[in-house]
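Topology and contacts: notes
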Amino acid sequence: MPQHITVLDYNPEWPLKYEQEKEKISAILKGNCITIYHIGSTSVPGLAAKPIIDIMAVVRSLEQVDIVSGDFSSIGYEYLGEFGIAGRRYLRKGGDERTHQIHIFHADDWNNIGRHLAFRDYMRTHKKERDEYAQIKKILAQNFPYDIDRYCEGKEDFVRRMEEQALSQYDGTWDKLYIAARKVQYERKFSHLLEVGSVSVALLTEKGDICVGVCMDATCSLRMCAERNAIANIITNGENQIVKIVVVMSDGKVGMPCRTCQKFFMQLDKDAGKIEILCDYATKKVIQLGKLFQDW
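Computed from a predicted structure; not experimentally measured. Counting starts from 1 at the beginning of each chain's written sequence and moves along it residue by residue. Owing to the predicted nature of the model, reporting of local features is limited to residues with pLDDT of at least 70; listing and counting of side-chain atom pairs is limited to 80 or more, with chain, interface and lining totals taken over all residues. Excluding hydrogens and water, the side-chain figures rest on all heavy atoms present in the structure.

The next point concerns the overall build of the protein chain. Counting secondary structure elements, the protein chain contains 8 helices and 12 strands. C-alpha extents for the protein chain along the principal axes are approximately 70 × 45 × 30 Å. Exposed residues in this analysis have more than 50% of their type's maximum accessible area, buried residues have under 20%, and partly exposed residues fall in between, with area computed by a 1.4 Å probe over protein chains only. Across the 296 residues that make up the protein chain, the buried fraction comes to 47%. Residue contacts follow a heavy-atom distance rule, with two residues in contact if any of their heavy atoms lie within 4.5 Å. Excluding contacts between residues fewer than 6 apart, the proportion of contacts in the protein chain whose partners are at least 24 apart in sequence is 60%. Accessible areas in this description were obtained via Shrake-Rupley with a 1.4 Å probe; residue shielding takes into account the shown protein chains only. Per element, the accessible surface of the protein chain, about 15,100 Å² overall, is 50% carbon and sulfur. In the protein chain, the 40 positive side-chain charges and the 41 negative ones have mean positions that sit 4 Å from each other. Numbering of helices and strands runs from the N terminus, with a helix taken as a DSSP run of H or I at least four residues long and a strand as a DSSP run of E at least two residues long. Positive charges come from Lys and Arg, negative ones from Asp and Glu, while His and the chain ends are left out of the count. Where a charge sits is defined by one atom per residue type, namely NZ (Lys), CZ (Arg), CG (Asp) or CD (Glu).

Let us look at the pairing of strand β4 (residues 88-93). With respect to burial, β4 is a largely interior element, 6 of its 6 residues being buried. The alternating pattern of β4 places Arg88, Tyr90 and Arg92 on one face and Arg89, Leu91 and Lys93 on the opposite face, and all of these are buried. Two strands qualify as a pair provided that DSSP identifies no fewer than 2 bridges between them. Of the pairings in the sheet, the one linking strand β3 (residues 77-79) to β4 comprises 3 bridges and is antiparallel in character. Bridging from a neighbouring strand, Tyr79 pairs with Leu91 of β4. The loop that links β4 with its antiparallel partner strand β5 (residues 100-106) comprises 6 residues; one of these, Gly94, has a positive phi angle of about 100°.

Turning our attention to the side chain of Glu227. Inspection of the secondary structure assignment puts Glu227 in helix α7 (residues 226-236). Look past the residues within four positions of Glu227 in its chain and what remains in contact with it is Val201, Val247, Met256, Pro257, Cys258, Cys261 and Phe265.

Among the structural elements, Ile287 can be located in strand β12 (residues 285-288). Ile287 sits in the partly exposed class, given a relative accessible area of 23%. Each C-alpha atom of the pair Ile287 and Lys274 lies 9.0 Å from the other, and the pair is 13 residues apart in sequence. Apart from the residues lying within four places of it in its own chain, the contact partners of Ile287 are Met256, Ile275, Glu276, Ile277, Cys279 and Leu292.

Here we come to the side chain of Arg120. Position of Arg120 among the secondary structure elements: in helix α3 (residues 110-125). The class of Arg120 is buried, set by a relative accessible area of 10%. In this structure the side chain of Arg120 is engaged in a polar contact, spanning 3.0 Å, whose partner is the side chain of Asp121. Sequence-distant contacts of Arg120, defined by excluding residues within four places in its chain, comprise Tyr37, His38, Ile39, Ser43 and Val44. Throughout this description, a polar contact denotes any pair of N or O atoms lying within 3.5 Å of each other; where both atoms belong to protein, one of them has to be capable of donating a hydrogen while the other can accept it, and for residues adjacent in sequence the pair is counted only when both atoms sit in side chains.

Hydrogen bonding along the main chain pairs the strands of a sheet, whether they run parallel or antiparallel. Pairing is mixed in the open sheet, where 5 strands are placed in the order β1-β2-β5-β4-β3. Since the sheet does not close on itself, it has two edges, and those belong to β1 (33-39) and β3, each with one partner. For this sheet the average axis-to-axis angle between neighbouring strands, irrespective of direction, equals 20°. One ladder, built from 6 bridges, connects β1 with strand β2 (residues 53-59); its direction is antiparallel. The residue of β2 that forms the bridge with His38 is Ile55. Axis lines are fitted to C-alpha atoms, over the contacting stretch for helices. Their N-to-C directions set the angle, which ranges from 0 to 180 degrees. Of the strands in this sheet, β1, β2, β3, β4 and β5 are in contact with helix α1 (residues 14-29), which crosses β1 at around 160°. Of the strands in this sheet, β1, β2 and β5 are in contact with helix α6 (residues 173-183), which crosses β1 at around 145°.

To continue, consider the nonpolar core. Buried Ala, Val, Leu, Ile, Met, Phe, Trp, Tyr and Cys residues that are joined via side-chain atoms within 4.5 Å together make up what is termed a nonpolar core. Core analysis: the largest hydrophobic core is formed by 41 residues, its most contacted members being Tyr37, Met123 and Val246. Taken together, the elements giving at least two residues each to this core come down to β1, β2, α3, α4 (127-143), α5 (148-169), α6, β7 (194-205) and β9 (242-248). Setting aside residues no more than four positions away along its own chain, Val246 makes contact with Trp174, Leu177, Tyr178, Ser200, Val201, Ala202, Val254 and Leu278. In this structure, Val199, Leu203, Cys211 and Ile231 belong to the second largest nonpolar core, which totals 22 residues.

Turning to the packing of α3 against α6, a few remarks are in order. Where α3 contacts α6, the axes come no closer than 11 Å and their chain directions differ by 130°. Judged by the angle between their axes, α3 and α6 are oblique. Of the two possible hands of crossing, α3 and α6 adopt the one that is right-handed. Residues Trp110, Ile113 and Leu117 of α3 form the contact with α6, whose participating residues are Asp175, Lys176 and Ile179. The residue makeup of the contact of α3 with α6, split by class, is 4 nonpolar, no polar and 2 charged. Relative orientations are named as follows: roughly parallel for angles under 35 degrees, roughly antiparallel for angles over 145 degrees, roughly perpendicular for angles from 65 to 115 degrees, and oblique for any other angle. Helix crossings are classified by the rotation of the near helix relative to the far one: an anticlockwise turn of less than a right angle makes the crossing left-handed, while a clockwise turn makes it right-handed. Any residue outside Ala, Val, Leu, Ile, Met, Phe, Trp, Tyr, Cys, Pro, Asp, Glu, Lys and Arg is labelled polar, Gly included; the first ten of those are nonpolar and the last four are charged.

A separate point is the packing of aromatic side chains. Each aromatic ring pair is described using two quantities: the centre-to-centre distance and the angle formed by the ring planes. Under the pairing criterion, centres of Phe, Tyr and Trp rings, with the six-membered ring standing for Trp, must be within 6.5 Å; the plane angle then separates stacked pairs below 30 degrees from edge-to-face pairs above 60, leaving the rest tilted. Per the counting criterion, the structure on display carries 9 aromatic pairs. For the ring pair Phe119 and Tyr133, a centre distance of 6.0 Å and an interplane angle of 90° mean the geometry is edge-to-face. Taken together, the residues Phe119 in helix α3 and Tyr133 in helix α4 connect sequence positions 14 residues apart. Residues Tyr178 and Tyr281 carry aromatic rings whose centres are separated by 4.1 Å and whose planes lie at 15° to one another, so their mutual orientation is stacked. Of the two residues, Tyr178 is situated in helix α6 and Tyr281 in the loop between β11 (276-280) and β12; the sequence distance between them amounts to 103 residues. Residue classification places Tyr178 among the buried positions, given a relative accessible area of 5%. The ring of Tyr133 has Lys137 sitting right over it, with the charged end atom 4.3 Å from the ring centre. We count a charge as sitting over a ring when the NZ of a lysine or the CZ of an arginine lies within 6 Å of the ring centre and within 35 degrees of the ring normal. Stacked on the ring of Tyr186, the Lys or Arg Arg188 has its end atom at 3.9 Å from the ring centre.

Below you can see the structure in the form of structure tokens.
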């Protein structure tokens, strides 16, 4: 039977279904997984959508994804490879009447990662366009309830136009920094005396470069936090002006730089107090470094 296209009003249970699936996907991808996002229409509060949960995973290695591809069948997914988009791994659950879709990209594939996040965030913050998109989808679903090609063609121009607008306004710097930090964050035990990588950091310089670092824990006095590691890279490259800081803790959540490094950051440049530190990745809450040193 051809796929039956239904468009429903927004359901607050959709994010919960995403969270449930995210745990299963993480368990399969394990250390290869950098981060997972809820994307598509079901990730936009207030937007009517086909009840299909779209999920985007960002990984260190697509080859490692291919190796564990068979494990996805145990949680109900078909593994369809690139499926029309170079550099993607696409999976679906439910066949033609699918309930979930996974799009997996390499961490360096910012074009694909960025466009998905840009479109999602644009729809979340632009009610007029969100309502227009919902109306278009409802009409198309009524007119072509069993013709997915005509349904997709009918909204293609609107989606392309919205994506262009979204990308023109989207500042994905915090996302780039978070992914850059997570990409190098994995534990490496070089010996029983030296462990590296449980905490990572990404720094954006005034010139637009991203420098990363990981913590190094040794039994000798030479211990180095991730922030100092990244600072050393910046200074070695002849820079000293930092614009943004993302510190990622071992659980994948962002944290604050250590107090010693906060003081060191303040000494790098006369305008260092304007450096922004990410406090919460989900909400993009930030604080300026100078706010931590009112009497500097």
